[in-house]
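The chain contents come next:
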Amino acid sequence: MKKDLKVIGKPTPKLDARIRASGQAVYGQDVVLPNMLHGAILRTKYPVADIVSIDVSKAMQLPGVVAVITGDDINANNINYKRDNPVLKRGRVNCIRDEIAAVAAVTREIAQEAVKLIEVKYNVKEGIFDPFEALKDDAPQINEFVKGDQHINIAHPFYYEHGDIEAQKRKSAVIIKTRFELPRMTHCCLAPCAITADYSNVDKRLTLYCVTQIPFLFQRDMARVLNMAPSDIRIIQTVIGGGFGSKLDMYPYEPICALLSMETGRPVQITFDREEEFIASPTRQKMTIDLTSGADSKGKFTFREARIIMDNGAYTSWGATTPFVMMQTFSSMYQLPACIFDAKAVYTNNVYAGSFRGYGNPQATFAVERNIDLLAEKLGMDKFEIRLKNANYKDELTGQEMKFISCGHKEALEIVSDKSGYSPCHSREGGNLSNRYKRGIGFASMLHVGGGAKIYPSDGCGTNLKMDDFGKLTIITGSSEIGQGSETVLAMMASEELGIDLKNIKVINTDTDIKPWDVGVHASRTTFVAGNSLLGALKLLKEKLSNKAAQLLKTEIDDLVYEDGLIESTTSGESFKIDKVVREIHFKPPNELCAVYYYYEPGSEFQDKYYKGNVSDTYAFAAQAIEVEVDTYTGNIKVLDIHVAQDVGKVINPLGLAGQIEGGVVMGMGYALLEELYSEKGYILNPNFHDYKIPTSVDIPNIHFYPVETNDPYGPYGAKGVGEAPLIPTAPAIANAIVDAIGIRIVDLPITPEKVLKALKNDA
Amino acid sequence: MKRIIHLKVNGLDHEIAVEPRRTLAEALRIDLGLTGTRIGCSIGDCGACTVLIDGVPSFSCLTLAVEAEGHEILTIEGVADGNKLHPVQEAFVEVGAIQCGFCTPGMVLSTLALLDYNPDPTEDEIRRALSGNLCRCTGYQKIIDAVKDAARRMKELS
Ligand code: FES
Ligand code: FES
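Owing to the predicted nature of the structure, the values given are computational and were not obtained by experimental measurement.

**Observations regarding the overall build of chain A**
Scanning chain A for helices and strands turns up 18 helices and 28 strands. Computed over C-alpha atoms, the radius of gyration of chain A comes to 27 Å, within 12% of the 27 Å expected from 2.2 N^0.38 for 764 residues, which places it in the range of a compact globule. Referenced to the eigenvectors of the C-alpha coordinate spread, the extents of chain A come out at roughly 85 × 75 × 50 Å. Of all 764 residues assigned to chain A, the portion counted as buried reaches 60%. Across chain A, the fraction of contacts at a sequence separation of at least 24, relative to all contacts at a separation of at least 6, is 81%.

**Things to note about helix 2 (residues 87–95) of chain B**
Residues and elements named next belong to chain B. Summarising burial for helix 2: eight of the nine residues are buried, a large majority. Taken together, the buried positions of helix 2 are P87, V88, Q89, E90, A91, F92, V93 and V95. Looking one or two residues past helix 2, G96 carries a phi angle of roughly 90°, positive in sign.

**Section: the interface of chain A and chain B**
Taken residue by residue, the interface counts 42 residues in chain A and 42 residues in chain B. If you list the elements that add at least two residues to the side of chain A that touches chain B, you get helix 1 (17–21) and helix 16 (654–673) of chain A. Looking at the side of chain A that touches chain B element by element, the count peaks at eight residues for helix 16 of chain A. Residues that form the side of chain A that touches chain B fall into these classes: 20 nonpolar, 15 polar and seven charged.

**A short note on helix 13 (residues 486–498) of chain A**
All names here are of chain A. For helix 13, spanning 13 residues, the distance from its first C-alpha to its last is 18 Å, which sits close to the expected 18 Å at 1.5 Å a residue. Burial of helix 13 is extensive: twelve of the 13 residues sit out of reach of the surface. When we look at burial in helix 13, the residues that qualify are S486, E487, T488, V489, L490, A491, M492, M493, A494, S495, E496 and L498. Positioned one or two residues after helix 13, G499 has a phi angle of 65°, which is positive.

**As for the nonpolar core**
One recurring pattern in soluble globular proteins: nonpolar side chains tend to sit buried together. Counting residues in hydrophobic clusters, the biggest one holds 302 residues, and the most contacted among them are V103(A), I734(A) and I738(A). Sequence-distant contacts of I738(A), defined by excluding residues within four places in its chain, comprise G440(A), V628(A), V630(A), I637(A), I746(A) and I751(A).

**Quick word on the pairing of strand 1 (residues 37–43) of chain A**
Residues and elements named next belong to chain A. Buried residues dominate strand 1, accounting for six of its seven residues. In the sheet, strand 1 pairs with strand 12 (residues 268–271) via two bridges, with the strands oriented parallel. Opposite H38, over in strand 12, you have Q269 as the bridge partner. Relative to strand 5 (residues 99–105), strand 1 is paired through six bridges, and the arrangement is antiparallel. Of the residues in strand 5, the one forming a bridge with R43 is E99.

**Points about the packing of helix 3 (residues 104–117) of chain B against helix 5 (residues 141–157) of chain B**
Residues and elements named next belong to chain B. Running from amino to carboxyl end, helix 3 crosses helix 5 at an angle of 45°, the nearest separation of the two axes being 11 Å. One way to sum up the angle between helix 3 and helix 5 is to call them oblique. Crossing angle aside, the handedness with which helix 3 passes helix 5 is right-handed. Across the interface between the two elements, M107, T111 and L115 from helix 3 touch I143, V147, A150, A151 and M154 from helix 5. For the contact of helix 3 with helix 5, the per-class residue count stands at seven nonpolar, one polar and no charged.

**Quick look at the sheet that holds strand 25 (residues 637–647) of chain A**
Residues and elements named next belong to chain A. Taken in spatial order, the four strands make up an open sheet running 16-24-25-28, and their pairing is mixed. Edge positions in the sheet fall to strand 16 (437–449) and strand 28 (702–708), since each has one partner strand and no second. In this sheet, neighbouring strand axes are inclined to one another by 15° on average, regardless of whether the strands run parallel or antiparallel. Across 13 bridges, the pairing between strand 16 and strand 24 (residues 619–631) is antiparallel. By the bridge assignment for strand 24, G442 is matched with I626. Across the sheet, helix 17 (residues 730–742) is in contact with strand 16, strand 24 and strand 25; its angle to strand 16 comes to roughly 155°.

**Topic: the domain arrangement of chain B**
Residue and element names in this part refer to chain B. The domains assigned to chain B are domain 1 (3–78) and domain 2 (87–157). Every contact between the two is made by 16 residues of domain 1 and, on the other side, 13 residues of domain 2. Counting residues per element, the ones that place at least two in the side of domain 1 that touches domain 2 are strand 3 (50–53) and strand 4 (56–59). A per-element tally of the side of domain 1 that touches domain 2 places strand 3 first, with three residues. Class assignment of the residues belonging to the side of domain 1 that touches domain 2 gives a composition of nine nonpolar, six polar and one charged.

What counts and how
- Residues numbered from 1 in each chain as written.
- Chains lettered and ligands numbered in written order.
- Predicted model: local features only at pLDDT ≥ 70, side-chain atom pairs only at ≥ 80, totals over all residues.
- Helix = DSSP H or I, 4+ residues; strand = E, 2+ residues; numbered from the N terminus.
- Rg over C-alpha atoms; globule rule 2.2 N^0.38 Å.
- Buried ≥ 20, exposed ≤ 12 C-beta atoms within 10 Å, placed from the backbone.
- Contact = placed C-beta atoms within 7 Å.
- Nonpolar A, V, L, I, M, F, W, Y, C, P; charged D, E, K, R; others polar.
- Expected span 1.5 Å × (residues − 1).
- Core = buried A, V, L, I, M, F, W, Y, C linked by C-beta atoms within 7 Å.
- Pairing = 2+ DSSP bridges.
- Axes fitted to C-alpha atoms, helices over the stretch in contact; angles between N-to-C directions.
- Parallel < 35°, antiparallel > 145°, perpendicular 65-115°, else oblique.
- Left-handed = near helix turned anticlockwise from the far one by under 90°.
- Domains from an automatic or database assignment.

In structure tokens form, the structure reads like this:
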């Protein structure tokens, strides 16, 4: 029986919020185990050098030190996507975050002290810090583990094309070519990395209390690195203090911690301090994008040709595959008849890049959207009209063969234009009468996967459900909570389906020994994939309950409704409490448990070798209109209002959704205006929060959010993925607004006051 | 050389032996097991370690444990009234100001101090009062809303 939604769509505080508000949540740094040691890592002093010798004797003698390990002492395989990163380096170091040795000691202070006593002799070498240098014919090989027929310093090439690019060029009335430079940005999760490894030399099993967002891939990978069986490794995720993609890869500190525990037979904990967090956690890809875009005389886009060089750093993480996502934006955001996309991740001796919320899409969208404004200007067209004219539409099959089964792109554009009060003859003067302050409005859109992404043999997620004799439900899901609110969304769905109160629902999602497989938190997939998995399981559970309830109530299954903890017959009006029905199932022959499991695999497809195919079950669309005020005396940029319209399919939890939007947008603002991890000759120059600024409470603008509900046919209740999208269009919309205000040229980020002033001076 | 000190935390007296360079944050977390005080940077940049010392928000990572002797320290563990969350905590929960939650204890304590001397803060005053507390998840809007909501709740109670 169909009923009105009672829980879905209602603002619902996060289930775990009370524990977090009370200080009782246990993050990685809070784990304490009996007899636990503390680990610390010695990193290289120079970005590039041969290691001549390592002397650990003084460190070993320090009272309280239990073990010191170097690359020579361990038996571990390389980590990372290309297996090109030794856990502890031997013979040579390739970037400033390189791990040389590690210590386990009775306190963290002693471990850190001991690390300083390790003596390393280096033979310092010249490094290559510019990917274009690394691509020269005579450039030396940077990472010794790379094989293949490409240039020795190419970590990962991507090439994609569709349509007849030459024909489209001929059709074009305007062609714009721009070189964009996008900076290194880093996640700045508020909780620094932390892991506790507990190896028992009695049962030969390893338990890791860690912060991965991909527990099953992590488990498998850890087993490969340590030459163990995956099932002998148990991953327990602590409460995670921010992810944003940073926990999609394994980093050396994790197997190092495991190795220290194996060496000592005691639990060992490694926690980073903030400086280490800045240096030894990943970054968004720094890249150079050469983008040529065309449009015909009516403003229809004709083609895009993108050539991209990404600074991979010294090792290859999953992040090197970001072109996979970038090409979707270049090929398919706005209708586009032809596209060439060529990207190379190139080794350098810089710190290495990883995956970061948006996965290449913020960079791609920045380039595409900046060029659109330039096309419009050259055509003398309105920048909103040109976007609307080319917007994606429902049932579009793109050149890359992505199918937009639901699509709110046009609507999103119209909403933000309308709400921002944009008009083509928008005034550039600020409220202030002097012409010191100038205002401008900028637009940008975004396209991102919204229903999983097929990149691994399974993109699925399992759910086990158990209803106990008291009518309480335990959801055991493969998916993970990293602060994004997935637990709550799942509990809301179960509450809706079973008519039971949220407080009678528990979500178990942190232990690989218990939970079923899931590929991990990425690609904004959790609501969609874990949600569908849960709905499948709930259907099975309800079948059991309904069969028994129909029998008890002497009614047809179709006449039952689940509400207020009751299963009720709509024909007779009689009802049973849900727990009573469970007990009838459980304690009366044929004595069955009220438990089910279900596995959901989304319809997403692997793309073929030409990168064509419907990689996701559905896609998310958004548009933002942003108004800024520029102080032409100081170069300061004040973001006034951000209007966000996003196709979310269906709003499940308005509270959680708004939180994701606001958090994403502010992160996008940081990318636009503040954030860059500066590196010089391989050294990180600003590894702390006073030199690497992130937005604070005084920086934030008014954020207005308008959800667009397209009710996706495959989404749970029609919902699609949300998490990454909000930050993607923010930087280009801000850049476009600044250009609108003061007419400077912007081709790189962050847009600092110094750059603004310099540009104003050059123009004058 | 370790020194014996007395710390008054959340109304209870504790006697602990600490090195002179032990920070209050370490003493709370390691010696007293009060891990609700978070460490985000250890150098006074992030506010995750905020506690109240005699009602004043202080970075416990920059305060030495020995300096805190003789003062009243309030940590997140002492904010709730037994099992009942404080109205500020309730507001953070209900308004949706908590995502990963790592910044939350520090934010809650900064809010308590703000509302204590200014029960009716303007949006601007709230923003300034929280400017030493970083949050990477929420974009701050919901936190600011929560402070307003907390002010309302506390007024209703008084
Ligand atoms: S940990 Fe004290 S301010 Fe960051
Ligand atoms: S909620 Fe994650 S840092 Fe604030």
